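Structure at a glance
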Amino acid sequence: MRPLRVLVTRRWPEAVECALGERWDIVVNRDDTPMTQVGLAKAMEEFDVLAPTVSDRINEEVIAGGDRVKLIANYGVGFDHIDLDAAKAKGIAVTNTPGVLTDATADLALTLILMAARRAGEGERELRAGNWSGWRPTHLVGSALKGKVLGVVGFGRIGQATAERAHRGFGMTIAYFAREPKPEAEALNAEYCSDLQDLLAKSDFVSLHVPGGDDTANLIDARALTAMKQGSYLINTARGGVVDHDALAEALRSGHLAGAGLDVYPREPQVPEALLGLENVVLLPHLGSANAETREAMGMRALANIEAFAKGEDLPDRVA
Ligand code: NAP
C-alpha cells in the first residue's frame, strides 16, 4: 500500500514534524508563509490528508479543488476557517485538537485581563519612549480584580478554565452566558445568565470564549457594547469576528469602556486601523496557544487523528 501523503501547510514543532515524517510521506510548507487559495485547492488533488492551521481559509472553492484529500486534520481547536458543510458534502472528515490548548489560552486571557486592568501596555510604551518621569501616586492607575465580576461568554473548556483562574487566583466573582446552565459552574459559584445583555450589564470584565463563525458573528456589536457597564473591560481570545471592532474603537475612544485586551482579529494579520492609535487597548498577535509544550501537544493530537484515519479507526476529535 502506498504511504499516506500529508500536506502540513505551516512549520510545526520539530518533534511533531519528525514524528509525522517517520510514519508518512509528508510535505511541509517550509517557507512558513500562508499558502495561496490556488495552492490549497491543488493540494486537494495531490494529498490524502491536509493539515492546515487557522491561517488557511479552507473554503468551498478550495475543497472543490480535488477528490483525493479525505481528512482535514486541523492544528488548533477552532475550525471556523473550514467550510464543514462543503467538507461533509464531499465525504471529507475534519478533526481538531481540543483540550490540549485550554490552559495556555486561559493563561493568555488572564494575561490580557491583567494587562488591560493594570495598563501594562501603556506603561511599557511610555517607558521605552523615554517618557517615564518617575513614581507618583496618580501615575497610570488601573483597576483591581478582587471582588470584580468577570462575565464569561461561552462556558466551554477555555471559558471555564479562565473563570477558574480568575475566581481562585484573583478573587473575582464569576457570571456566565451560555445556551444552557453548566453543572461545572457550581464549583466556582458562578451565576448563570440566560440573556447576554444581562451578563454584560453586570460585568466589570467580559471575556469571550465562544467559537467563531456565523452563529457568533458580531455577537458583541454596538448594542452589546452599550449594554456593558461604564468603565468595564472587554477581553477577546475567541475569534475576531465575534466583535464589531469599529463599535469597540468608539466605545474605547469615548471612555465608555475603560479598556480592552485582544488576541484575535477578523482579517488576521491585519489589525483594525481604528484600534492601533488607542492607548487603552492591549493588542496581541494571536498568541493564545503559543507555548512550546502546548504547540507540541497540538501537533501530537493532530497526529493521533491522522493515525486513526490511516488505520481506519474512529477519529478521536472528529468535528465533521
Ligand atoms: P468549547 O469547549 O467548544 O467551548 C465553546 C463554548 O461556546 C461551548 O460551551 C458552547 O456551548 C459555547 N457556544 C457556542 N456557541 C454559542 C453561542 N452562540 N452562544 C453562547 N455560547 C455558545 O471550545 P474551547 O476549547 O473552549 O474553545 C473556544 C474557542 O476559543 C475556539 O472555538 C477558538 O475559536 C478559540 N481559541 C482561540 C485561541 C487563541 O489562540 N486565541 C486558542 C484556542 C481557542 P455548548 O456547550 O452549548 O456547545
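Residues numbered from 1 in each chain as written. Predicted model: local features only at pLDDT ≥ 70, side-chain atom pairs only at ≥ 80, totals over all residues. Heavy atoms only, no water.

1. Examining the nonpolar core
What counts is decided by this rule: By nonpolar core is meant a set of buried Ala, Val, Leu, Ile, Met, Phe, Trp, Tyr and Cys residues that side-chain atoms within 4.5 Å join together. The buried label applies to any residue whose accessible area, calculated with a 1.4 Å probe on protein chains only, is under 20% of its type's maximum; exposed applies above 50%, and partly exposed to all values in between. Numbering of helices and strands runs from the N terminus, with a helix taken as a DSSP run of H or I at least four residues long and a strand as a DSSP run of E at least two residues long. Contact between two residues is taken to exist if any of their heavy atoms lie within 4.5 Å; hydrogens are not considered.
Counting 31 residues, the largest nonpolar core has L208, I220, L225, L234 and L248 as its most contacted members. Looking at this core, the elements that each hand over two or more residues are strand 6 (149–153), strand 7 (173–177), helix 8 (196–202), strand 9 (205–208), helix 9 (222–227), helix 10 (245–253) and strand 11 (257–262). By residue number, the principal contributor to this core is helix 10, which donates 5 residues. Residue contacts for L248: discarding those within four places in its chain leaves L225, L234, V243, L257, A260, L262 and L275. Judged by nonpolar contacts, the second largest core, of 24 residues, contains L112, I174, I235 and V282.

2. Let's talk about unusual backbone geometry
The omega angle of the peptide bond from E268 to P269 is 5 degrees, so this bond is cis rather than trans. Tracing the backbone through its elements, the reader meets P269 in the loop between strand 11 and helix 11 (273–276). Of note, N189 is a non-glycine position whose phi angle comes to about 55 degrees, a positive value. Relative to the helices and strands, N189 is located in the loop between strand 7 and strand 8 (191–193). Under the relative-accessibility criterion, N189 is labelled exposed at 67%. A positive phi angle is found at H286, which is not glycine, with a value near 45 degrees. Relative to the assigned elements, H286 resides in the loop between strand 12 (281–283) and helix 12 (292–310).

3. Brief notes about the site of the ligand
Using the following cut-off: Near residues are defined by distance, with any heavy atom within 4 Å of the molecule or strand qualifying the residue. Polar contacts here mean pairs of N or O atoms no more than 3.5 Å apart (in protein, one a potential hydrogen donor and the other a potential acceptor; neighbouring residues in sequence count only if both atoms are side-chain atoms). The method behind every accessible area is Shrake-Rupley, applied with a 1.4 Å probe, and residues are considered shielded solely by the protein chains displayed. Under the scheme applied, nonpolar residues are Ala, Val, Leu, Ile, Met, Phe, Trp, Tyr, Cys and Pro; charged residues are Asp, Glu, Lys and Arg; polar residues are all the others, including Gly.
Around the ligand, the surrounding shell holds 24 residues, and the nearest of these are I158, R179, K182, T237 and D263. One nitrogen or oxygen atom from the main chain of I158 is found 2.8 Å from an oxygen atom belonging to the ligand. Interatomic distance of 2.9 Å between a side-chain N/O atom of R179 and an oxygen atom of the ligand. Starting from 930 Å² of accessible surface for the ligand in isolation, the protein chains cover 83%. Of the residues in the shell around the ligand, the class split is 9 nonpolar, 10 polar and 5 charged.

4. Observations regarding the packing of aromatic side chains
Test applied: Classification of ring pairs uses Phe, Tyr and Trp, with its six-membered ring standing for Trp, and accepts pairs whose centres are within 6.5 Å; under 30 degrees between planes counts as stacked, over 60 as edge-to-face, and the remaining range as tilted. The rule is short: NZ of Lys or CZ of Arg within 6 Å of the ring centre and within 35 degrees of the ring normal puts a charge over the ring.
Under the criterion given, the structure shown has 4 aromatic pairs. A ring pair is formed by F155 and Y176, whose centres lie 4.2 Å apart and whose planes are at 25 degrees; its orientation type is stacked. Of this pair, F155 sits in the loop between strand 6 and helix 7 (157–170) while Y176 sits in strand 7, and the two are 21 residues apart along the sequence. This pair shows no difference in class: F155 is buried, exactly as Y176 is. In textbook terms, an aromatic cluster arises when at least three aromatic residues are bridged by ring pairs, as seen for F155, Y176 and Y192. Directly above the aromatic system of F47 lies the positively charged group of R5, at a separation of 4.4 Å from the ring centroid.

5. Brief notes about the sheet that holds strand 2 (residues 25–28)
Inclusion rule: We call two strands paired when DSSP finds no fewer than two bridges between them. Axes, fitted as lines to C-alpha atoms, cover a helix only where it is in contact. Angles between the N-to-C directions of the axes lie from 0 to 180 degrees.
As summarised here, the arrangement of the 5 strands in space is 2-1-3-4-5, forming an open sheet in which the pairing is parallel. Looking along the sheet, the strands with just one partner apiece sit at the ends: strand 2 and strand 5 (93–95). Between one strand and the next, the sheet's axes are offset by a mean angle of 15 degrees, whatever the strand orientation. Where strand 4 (residues 71–73) meets strand 5, 3 bridges bridge the pair, whose relative direction is parallel.

6. Details of the sheet that holds strand 9
Pairing between sheet strands relies on hydrogen bonds along the backbone, with the strands arranged either parallel or antiparallel. If you trace the 7 strands from one edge of the open sheet to the other, you get 8-7-6-9-10-11-12, paired in parallel fashion. At either end of the open sheet lies a strand with only one pairing partner, and these are strand 8 and strand 12. Along the sheet, successive strands turn relative to each other by an average axial angle of 15 degrees, direction set aside. Note: strand 10 (residues 232–236) against strand 11, 5 bridges, orientation parallel. In the sheet register, I235 faces strand 11, and the bridge partner there is G261. Sheet strands in contact with helix 5 (residues 102–117) are strand 6, strand 9, strand 10, strand 11 and strand 12, and its direction is about 150 degrees off that of strand 10. Packed onto the sheet, helix 7 meets strand 6, strand 7 and strand 9 and runs at close to 175 degrees relative to strand 6.

7. Examining the side chain of D48
Mapped onto the secondary structure, D48 falls in the loop between helix 2 (37–46) and strand 3 (49–51). There is a polar contact of 2.7 Å between the side chain of D48 and the backbone nitrogen of R5. When sequence neighbours within four positions are dropped, the list of residues in contact with D48 reads R2, P3, L4, R5, R68, V69, K70 and L71.

8. What about helix 10?
Those residues of helix 10 not exposed but buried are H245, A247, L248, A249, A251 and L252. Of the surrounding secondary structure, the elements contacted by the buried residues of helix 10 are helix 9, strand 10, strand 11, helix 11 and strand 12. Between the side-chain oxygen at the start of helix 10 and the backbone nitrogen of D246 there is a gap of 3.1 Å, and the oxygen is on D244. Positive phi appears at G255, one or two residues downstream of helix 10, with a value of about 85 degrees.

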